[in-house]
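Structural overview for review
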Amino acid sequence: MSDRARKYDVLNILMNFHAFPDEVDGKYCLVECLVPVGAGAPPNHHAGETEAFYVLDGQVGFMIDGAERLAKAGDFVPIPDGALHAFQAVGDGPARVLILNAPGHMHEAFFTGIGKPLPDDQSTLPDPSEPDLPAVLAKAEASGMTILPPCET
């Protein structure tokens, strides 16, 4: 393991990188997320990277190509390659989710590019802050992702 940061504040989500692509022969990125109620990912799509979610705790509302789904602890939610999708933690408390991206280079670049490194021992949610939307959109585009405003979904 390298000495680079493994935990990040990404859009008010605590992200803990269990595996960066370069640590697993460029095959995937595995991130555990603590997601506060109301936080998540805006509608986005990305061709060439498979994505899947496994809900560990709490509840997460998903939108996948216009269909809505509520996932709870123990649910696996695959995202078809290139599908328009979004997610948001819902319910009474934060959700804990594993996200697998394969091969993961795009997501690693995006998450670490917009995220603020946190101490390795951080286990609580970061203090909420307003994202720098132009910077988020620019990093998404540079990483190969498209983020849509809610009115375009």
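Read on for a plain summary of the structure. Note that the structure is a prediction, hence the values are computed from the model and not measured. (Residues numbered from 1 in each chain as written. Predicted model: local features only at pLDDT ≥ 70, side-chain atom pairs only at ≥ 80, totals over all residues. Heavy atoms only, no water.)

What to know about the environment of Val37
Relative to the elements of secondary structure, Val37 occurs in the loop between β3 (29–35) and β4 (40–45). Sequence spacing of Val37 and Gly91 is 54 residues, and the spatial spacing of their C-alpha atoms is 6.7 Å. With residues up to four places along the chain from it excluded, the contact list for Val37 reads Ala89, Val90, Gly91, Asp92, Gly93 and Pro94. (Helix = DSSP H or I, 4+ residues; strand = E, 2+ residues; numbered from the N terminus. Contact = heavy atoms within 4.5 Å.)

Some points on the sheet that holds strand β12 (residues 146–147)
Strand order in the open sheet formed by 5 strands is β7-β6-β9-β4-β12, and the pairing between neighbours is antiparallel. Bordering the open sheet on either side are β7 (67–72) and β12, each of which pairs with just one other strand. Pairing analysis gives 3 bridges linking β4 to strand β9 (residues 85–90), with the strands arranged antiparallel. Across the sheet, Gly40 pairs through a bridge with Gln88, a residue of β9. (Pairing = 2+ DSSP bridges.)

Some words on the sheet that holds strand β11 (residues 116–118)
The strands that make up a sheet are held in pairs by hydrogen bonds between backbone atoms, and each pair lies either parallel or antiparallel. Pairing is antiparallel across the open sheet formed by 7 strands, whose spatial order is β8-β5-β10-β3-β2-β1-β11. Since the sheet does not close on itself, it has two edges, and those belong to β8 (76–79) and β11, each with one partner. Neighbour to neighbour, the strand axes of the sheet diverge by 25° on average, direction disregarded. Sheet analysis places strand β5 (residues 50–57) next to β8, joined by 4 bridges and oriented antiparallel. (Axes fitted to C-alpha atoms, helices over the stretch in contact; angles between N-to-C directions.)

Focus on the nonpolar core
Membership of the largest hydrophobic core comes to 32 residues, with the highest contact counts inside it found for Met15, Phe17, Phe53, Phe62 and Phe87. In terms of residues, this core owes the most to one element, β3, which gives 4 residues. Sequence-distant contacts of Phe87, defined by excluding residues within four places in its chain, comprise Ile13, Val35, Ala39, Gly40, Ala41, Phe53, Val60, Gly61, Phe62 and Ile99. (Core = buried A, V, L, I, M, F, W, Y, C linked by side-chain atoms within 4.5 Å. Buried < 20%, exposed > 50% of the residue type's maximum accessible area, 1.4 Å probe, protein only.)

Structural notes on the pairing of strand β10 (residues 95–102)
What you see with β10 is a clean split: Ala95, Val97, Ile99 and Asn101 sit on the buried side and Arg96, Leu98, Leu100 and Ala102 on the side with no burial. Here β3 runs beside β10; their pairing, made up of 7 bridges, is antiparallel. Counterpart to Val35 in the pairing with β10 is Ala95. The pairing of β5 with β10 spans 7 bridges and is antiparallel. When the bridges of β10 are listed, Tyr54 appears paired with Leu98.

Details of the packing of helix α1 (residues 105–114) against helix α2 (residues 133–143)
α2 packs onto α1 with a crossing angle of 160° between their chain directions and a minimal axis gap of 9 Å. Here α1 is positioned roughly antiparallel relative to α2, judged by the angle of their axes. As for the relative orientation of α1 and α2, their crossing is right-handed in sense. For the pair α1 and α2, contact is made by Met106, Ala109, Phe110, Gly113 and Ile114 and by Ala135, Val136, Lys139, Ala140 and Ser143, respectively. (Parallel < 35°, antiparallel > 145°, perpendicular 65-115°, else oblique. Left-handed = near helix turned anticlockwise from the far one by under 90°.)

A short note on the pattern of salt bridges
For the coordinates displayed, the defined rule picks out 7 salt bridges. Notably, a salt bridge pairs Glu23 with Arg4, separated by 3.9 Å at the nearest N-O pair. One end of the pair, Glu23, is in the loop between β2 (13–19) and β3; the other, Arg4, is in the segment before β1 (7–10), and 19 residues separate them in sequence. Of the residues examined, Arg4 reaches a relative accessible area of 27% and is grouped as partly exposed. (Salt bridge = Lys/Arg side-chain N within 4 Å of Asp/Glu carboxyl O.)

With respect to the environment of Asp25
By the secondary structure assignment, Asp25 is in the loop between β2 and β3. For the pair Asp25 and Pro103, spaced 78 residues apart in sequence, the C-alpha separation works out to 9.4 Å.

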